[in-house]
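Results of the structural survey
Each chain, letter by letter, is given below.
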Amino acid sequence: MNPTTHLALINVFVGDIQGGLGPFLGTWLAQAAQWGPSQVGLVTTIVGFATLALSGPLGALVDRLGRPRMLIAAACAAILVGTLLLLPARSFMAVLAAQFVAAAGGTLVVPAVTALTLGMVGKQAFPKQQGRNQAWNHVGILGAALAISFGTPIMGPSIAFWVLGGLSACAIVAAVTTPKKAWNGRRAVGWKEDDPDDKPERSGILKVLSDRRLLILSAALALFNLANGSMLSLLGQKLVAAGQDGTGWTARYVIVAQAVMIPVALFAGSLADRRGRRQLLLVACAVLPARALLSAFLSDPYWLVLAEVLDGVASGVIGVAVPVVVADLTWGSGRTQTALGTVAAVQGVGGALSGWVGGLLALHLGWTWAFLALALPAGLALVLALWLEETCAPGGRDGAGAACGQDEPPEPRRGTVGAPAGP
C-alpha cells in the first residue's frame, strides 16, 4: 500500500475523534447521569482551557521526539481510553479526568499528523497534500455524523461510543502499519536529507514564536474563531425561538458544511501554490462577515443553508492554509510543530470565548444584532490578513530558502530568518 494511502486513512479515521464525543457528551451525560447544562458546560470549559495550555508543549514534544507514527497511535489510544472511561463515569471528577485524557489525545493528533505529512512528502508537496489530508478529514467527520444520525434510533446515544471507538482503533492500525522508511525526520523539518552528519541546532523557541508574522497570524485566527465559533449554535437557537426544529436543522447544517469543506480543501491545497498562501487567508476571512450577515437577516431555514455553505468555505480554507503558512514561517528551525501548537492555542482561545460572547450578545441585543456584532471580529481578522505579507509567493522561496512549489527542488539553507543556526 502506498504510504500516502496510509496517510489518507489516518486522516479519515482521526477526523471525527479529535474532539472526543464533542456535542454528544452533553446528550450522554444528561441521559445517563442526569447532568444539567451547567455541569456539562463547566467540564467542557475546564478541559478546553487545560488542553489549550497543552497545545504548544505537545507540539514541542512532536518536534523533539521525531516519531509521529508512534505519537499518532498514542494519541488515538488516549482518545479511546478517555472515551471508554466515560461509560461508567458519573461523578464530576471521573468525567473531568476521562474528558481530559481524551482531549489531550485529540490535541496531540494535529501536530503529529502534520509532522508525518511533512516527513513523507516534503515542504514543496505539502500544500497539496494538506488539502488532501483535510478533504479526507472531512470525509471522516461526515461519515461519522451520518453513522451516528442513522444509528441513534437503533442503539441509542451509546452509538457515539461505538463509532468513536471503532475509528480510534482503525486510526491506530493505520498509523502503526505506515512504512517506517516512508518518513524522513530531516525532511520533516527542512534539514539536508543527503548529509546526515550535518546537525543544525534548533532555533530558540522564543525567537520562532516572536516572529511578527506569526503573531499577526495568531491574532487573526483568534478573531476568526471568536466570530465563527458560536454562529452555528446561535443559528440553531434562533430557529428554536422561531418555532422551527433547531436540532434537526443544526444537524443538516453540519452535514452541509462538512460536505462543502471536502472540495474546498482540495481546491485550496492546489491554489496555495498557484496564487499564494495569503490569498487563501483573505478568502476565508472575507467569507466570514458575509456568513454573519446572512445569519442576521435570513430567517427561513432553507435559505440559511447558504450561510453554512459559506461556513464550509471559510473553515475548509483555514484548515489548509494555517499549517502551510506556519511551515513557511518556521521552516528549517526545527520548531514547526511547536509553532503550530502555539498558534492553535491562541486560535482556540477565540473559540472558547465565542460561545460566551455570542450568548451575551443574543441575550442583550437580540438575534439580528448579535450576528452583526460577530461580523466585527471577522472584519478585524480580515484587516490583519491584509496586513500579513505573503509568506511564500508563487515561484518564490520561503524565509529558509525552500521553494514554494513543486516546480523547484528544495534547497534548505541555514543562516536566514527562521532557520537554525550552524552546528
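What counts and what doesn't
- Residues numbered from 1 in each chain as written.
- Predicted model: local features only at pLDDT ≥ 70, side-chain atom pairs only at ≥ 80, totals over all residues.
- Heavy atoms only, no water.
- Helix = DSSP H or I, 4+ residues; strand = E, 2+ residues; numbered from the N terminus.
- Buried < 20%, exposed > 50% of the residue type's maximum accessible area, 1.4 Å probe, protein only.
- Contact = heavy atoms within 4.5 Å.
- Areas by Shrake-Rupley, 256 points an atom, 1.4 Å probe, with all protein chains shown as cover.
- Patch = residues over 30% accessible without salt bridge, like charges linked within 9 Å, V, L, I, M, F, W, Y side chains within 5 Å.
- Salt bridge = Lys/Arg side-chain N within 4 Å of Asp/Glu carboxyl O.
- Lys, Arg positive; Asp, Glu negative; His and termini not counted.
- Charge placed at Lys NZ, Arg CZ, Asp CG, Glu CD.
- 1 Å grid on protein atoms, 1.4 Å probe; cavity = no way out; pocket = protein on both sides within 12 Å on 5 of 7 lines; lining within 4 Å.
- Points joined across faces, edges and corners; volume = space filled by probe spheres on them.
- Nonpolar A, V, L, I, M, F, W, Y, C, P; charged D, E, K, R; others polar.
- Axes fitted to C-alpha atoms, helices over the stretch in contact; angles between N-to-C directions.
- Parallel < 35°, antiparallel > 145°, perpendicular 65-115°, else oblique.
- Left-handed = near helix turned anticlockwise from the far one by under 90°.
- Core = buried A, V, L, I, M, F, W, Y, C linked by side-chain atoms within 4.5 Å.
- Expected span 1.5 Å × (residues − 1).
- Phe/Tyr/Trp six-rings, centres within 6.5 Å; stacked < 30°, edge-to-face > 60°.

Per an unreviewed UniProt entry, the protein chain carries the name MFS-type transporter and comes from Methylobacterium frigidaeris.

**Side note on the overall build of the protein chain**
Of regular secondary structure, the protein chain possesses 16 helices and zero strands. Here the protein chain holds 423 residues, and 54% of them are scored as buried. For the protein chain, long-range pairs separated by at least 24 residues make up 80% of all intrachain contacts whose partners lie at least 6 apart in sequence. A total of about 17,500 Å² of accessible surface is found on the protein chain, and carbon and sulfur atoms cover 68% of it.

**Here's the deal with a positive patch on the surface**
A contiguous patch of positive charge on the surface is contributed by K128, R132, R274 and R275. Mapped by element, the contributors of at least two residues to the positive patch are α6 (126-155) and α12 (246-275). Tracing the backbone through its elements, the reader meets R274 in helix α12.

**Focus: the environment of A219**
Turning to its location among the elements, A219 is positioned in helix α10 (residues 212-228). Among the residues examined, A219 registers a relative accessible area of 33% and is labelled partly exposed. Residues A219 and A381, spaced 162 residues apart in sequence, show a C-alpha to C-alpha distance of 7.6 Å.

**Topic: empty space enclosed by the protein**
This model, assessed by the stated rule, comprises two cavities of 30 Å³ or more. If you go around the second largest cavity, the residues you meet are L217, A220, L221, L281, C285, L384, A385 and L388. Of the residues that constitute the lining of the second largest cavity, the class distribution is eight nonpolar, no polar and no charged.

**Examining the packing of helix α13 (residues 277-297) against helix α16 (residues 367-387)**
Relative to each other, α13 and α16 sit at 170 degrees, their axes nearing to 8 Å. Considering their axes alone, α13 and α16 lie roughly antiparallel with respect to each other. In this structure, α13 contributes R278, L281, L282, C285, A286, L288, P289, A292, L293, S295, A296 and F297 to the contact, and α16 contributes T368, F371, L372, A375, A378, G379, A381, L382, A385 and L386. Along the lines of polarity and charge, the residues of the contact of α13 with α16 split into 18 nonpolar, three polar and one charged.

**Looking at the packing of α13 against helix α14 (residues 305-330)**
As a packed pair, α13 and α14 sit with axes 8 Å apart at the nearest point and diverge in direction by 155 degrees. Accordingly, the angle class assigned to the pair α13 and α14 is roughly antiparallel. Where α13 crosses over α14, the handedness of that crossing is left-handed.

**Some words on the nonpolar core**
Formed by 59 residues in total, the largest nonpolar core has its most connected members in L217, F224, L281 and V326. Of all the elements in the fold, those that place two or more residues in this core are α6, α10, α11 (231-241), α12, α13, α14, α15 (336-365) and α16. At 10 residues, the largest contribution of residues to this core is made by α16. Ignoring any residue separated from it by four or fewer positions in sequence, one finds L281 in contact with L217, I318, A321, V325, A385 and L388.

**Overview of α16**
The end-to-end C-alpha distance of α16 is 31 Å, a good match for the 30 Å that 21 residues give at a rise of 1.5 Å each. Along α16, the residues classified as buried are A370, F371, L372, A373, L374, A375, P377, A378, A381, L384 and A385. Turning to α16, the residues buried within the fold contact α10, α11, α13 and α15.

**Focus: a nonpolar patch on the surface**
On the surface, a cluster of nonpolar side chains totalling about 590 Å² of accessible area is made up of F49, V349, L353, W356, L360 and L363. The element that contributes the greatest number of residues to the nonpolar patch is α15, accounting for five residues. In this structure, L360 sits in helix α15.

**Digging into helix α4 (residues 68-86)**
For α4, built from 19 residues, the straight-helix expectation of 27 Å at 1.5 Å per residue is met to within 8% by its first-to-last C-alpha distance of 27 Å. P68, L71, I72, A73, A75, C76, A78, I79, G82, T83 and L86 are the residues of α4 that are buried.

**Here's the deal with the packing of aromatic side chains**
Going through the model one piece at a time under the given rule, you end up with two aromatic pairs. Between W249 and Y253 the ring centres are 5.7 Å apart and the planes differ by 35 degrees, which places this aromatic pair in the tilted class. Of this pair, W249 and Y253 are both found in helix α12, four residues apart, which corresponds to roughly one turn of the helix. Taken as a pair, W249 and Y253 share a single burial class, namely buried. W249 gets classed as buried once you look at its relative accessible area, which sits at 9%. Among the aromatic side chains, those forming a connected cluster through ring pairs are W249, Y253 and Y302.

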